[in-house]
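Report on the structure
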Amino acid sequence: LQRGAHSAGLRHTDRQTASERMGALQGLARVWLMLRRVRKTTWLLVLLIVLAVAYIRQHPSRWRPRPPTRNVEGNVHDSVLLDGVLDASPIANAGGGGDEIAREQAEVLRRLDGKKDSDLKQLLDQAIAAGKSLADEANLEIKKINEPSTPSKEELLSKSAINAEQEKVEKAAGYTFNAFNQFVSDRLSLHRPIPDTRHTDCKLKTYPTDDLPDTSVIIPFHNEARSTLLRTVHSILDRSPPNLLREIILVDDASTMPHLKTPLDEEIRTLGKVSVLRLDKRSGLIRAKVKGAEAAKGKVLTFLDSHCECNVGWLEPLMYRIYQNRTNVVCPVIDGINHDTFEYSGGPTVTTRGIFTWSLTFSWLDLPHEKVVQRQADPVAPLPSPTMAGGLFSMDKEYFFSLGSYDMGMEVWGGENLEISFRIWQC
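Values in this document were obtained by computation on a predicted structure and should not be read as measured data.

Generally speaking, nonpolar side chains in soluble globular proteins are found buried as a group. By size, the foremost hydrophobic cluster in this structure holds 29 residues, and its most contacted members are Val217, Ile219, Ile236, Ile248, Leu250, Leu304 and Trp314. Apart from residues no more than four positions distant in its own chain, Leu304 is found in contact with Val217, Ile218, Ile219, Pro220, Ile236, Cys310, Trp314, Gly391 and Leu392.

Okay, the sheet that holds strand S4 (residues 300-303) next. Read across the open sheet, the five strands follow the order S3-S2-S1-S4-S9; overall the sheet is mixed. The open sheet has two free edges, formed respectively by strand S3 (274-278) and strand S9 (393-396), since each of these has just one partner strand. Across this sheet, the average inter-strand angle for adjacent strands is 25 degrees, counted without regard to direction. One ladder, built from seven bridges, connects strand S1 (residues 215-221) with strand S2 (residues 245-252); its direction is parallel.

Further remarks concern the pattern of salt bridges. Throughout the structure, instances matching the rule amount to twelve salt bridges. Its salt-bridge partner being Asp265, residue Arg278 comes within 2.8 Å of it at the nearest N-O pair. Of this pair, Arg278 sits in strand S3 while Asp265 sits in helix H13 (residues 262-268), and the two are 13 residues apart along the sequence. With a relative accessible area of 28%, Asp265 lands in the partly exposed category. Residue Arg423 is joined to Glu419 by a salt bridge in which the shortest nitrogen-to-oxygen separation is 2.6 Å. Residue Arg423 and its partner Glu419 are both found in helix H18 (residues 416-426); the two are separated by four residues, about one turn of the helix. When its relative accessible area of 22% is taken as the criterion, Arg423 is described as partly exposed. One salt-bridge network, in which partners are shared between bridges, spans Asp252, Asp265 and Arg278.

Before going further, it helps to examine a nonpolar patch on the surface. On the surface, a nonpolar cluster with roughly 290 Å² of combined accessible area is contributed by Leu47, Leu48 and Leu51. Looking at the element boundaries, Leu47 is found in helix H3 (residues 40-58). On the accessibility criterion, Leu47 (36% relative accessible area) is partly exposed.

Applying the stated rule across the entire model yields twelve aromatic pairs. Seen in terms of ring centroids, Phe356 and Trp358 are 6.1 Å apart; in terms of plane orientation they differ by 85 degrees. Their pairing is edge-to-face. Using a relative accessible area of 84% as the deciding quantity, one classes Trp358 as exposed. In textbook terms, an aromatic cluster arises when at least three aromatic residues are bridged by ring pairs, as seen for Phe303, Phe393, Phe400, Phe401 and Tyr406. The cationic tip of Arg187 hangs over the ring face of Phe183; the distance from NZ or CZ to the ring centre is 4.0 Å.

Conventions adopted
All residue numbers refer to positions counted from 1 along the written sequence of the respective chain. Local features are withheld for residues below a pLDDT of 70 in this predicted model, meaning they are given only at 70 or higher, and side-chain atom pairs are given and counted only at 80 or more; totals for whole chains, interfaces and linings count all residues. Only heavy atoms go into the side-chain values, all of them from the structure, while hydrogens and water stay out. In plain words, nonpolar cores are sets of buried Ala, Val, Leu, Ile, Met, Phe, Trp, Tyr and Cys residues tied together by side-chain atoms within 4.5 Å. Per-residue accessibility, obtained with a 1.4 Å probe over protein chains only, is compared with the maximum for each type, and a residue is labelled buried under 20%, exposed over 50%, and partly exposed between these values. Pairs of residues are marked as contacts when any of their non-hydrogen atoms sit within 4.5 Å. The pairing criterion is simple: DSSP has to find at least two bridges between the two strands. A run of H or I in DSSP counts as a helix once it spans at least four residues, and a run of E counts as a strand once it spans at least two, with each numbered from the N terminus. Helix axes are fitted to C-alpha atoms over the stretch in contact, other axes to C-alpha atoms as well, and angles between N-to-C directions run from 0 to 180 degrees. By salt bridge we mean one thing: a side-chain nitrogen of Lys or Arg within 4 Å of a carboxyl oxygen of Asp or Glu. The patches reported here contain residues having more than 30% relative accessible area and no salt bridge. Joining distances are 9 Å for like charges and 5 Å for nonpolar side chains (Val, Leu, Ile, Met, Phe, Trp, Tyr). Accessible areas in this description were obtained via Shrake-Rupley with a 1.4 Å probe; residue shielding takes into account the shown protein chains only. Pairs were defined over the aromatic rings of Phe, Tyr and Trp, the Trp ring being its six-membered one, requiring ring centres within 6.5 Å. Orientation was assigned from the angle between planes: stacked under 30 degrees, edge-to-face over 60, tilted for the rest. Any Lys NZ or Arg CZ that is within 6 Å of a ring centre and within 35 degrees of that ring's normal is treated as a charge sitting over the ring.

Below you can see the structure in the form of structure tokens.
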């Protein structure tokens, strides 16, 4: 099609009507009058351009784009767009290789050369069938991943033999549904140890835990992966003082995956302090948070994401700030977990604070130099911040509802963090 379009665009006939010839002569006359008024160098440049155009029209075949060429190994050259699309695909980059992709491209191009419409349709049907087969394999792997679990499921998965193709399919399914490598997550222990990244001064601090308020941890989720959701729950149970943790409320925002139904209920039944609040219909993150807050029994509300891990000593400082002043709204330091390798990383101190732009977009900004110098005397002191990220924070329950909680008219996440920040400013 591309070759035909170029040929049609350059094809011309030798016959011209009298009016066309007269128009051409008039055009040349205008060009001649114009050239008489310009410098000789400009006249020569225009003449060269005219000659070049005439040459192209006489030899159009030399200016047509060449079709992709192949070397002996089947790698495809000059197919920039095709290569770009494949390189941007997580499936192509997950355990595959450039040589394999190139061979597949070469095979497709080879089979397309010289085919008729009926042959092309047959090839397309075969491609669609192959795509459906791959989707069926992915769905089968998802069912295996989401089967009812046992305490030793992670150990069994880590020891089970799996070939490269199965791993590729399972990784693709995980990225499709969760945007992270569920293949790796499912093979990590729900109680895995993580490095203590706190500053030395943090480790030396003590808190009056007997006097601190207790908290209800609220975790809203929708179709979350089993391993990340349960690892969040177990990290809270494993690293929180029992007297400060009143309960963990998992707010199910109308999930549809089977592993979040009866299997989840069975897994948390023996944990204690953990319950599932199920919403009848999809309500969105904001309304799910408020529903969890309404059901909470603790004095303090602590909101967490459904795919995080709490580190050593995470809860005491949060409760202590609210113990000092019930109108304090406290956010923890947020470390990072690599979405592909699940490697935990973090730093001992924080030198950024939350801000917002005039388009009401949340962002982080480094502290001014003078503030950094001031904090050197106590690098672990609480850091005042105009706004917060919104996903992880603790707040007195009565204070939360006295401010009006969240705006229940919000359909999606992304603005509630600024809204609650502005409410705190004004009250």
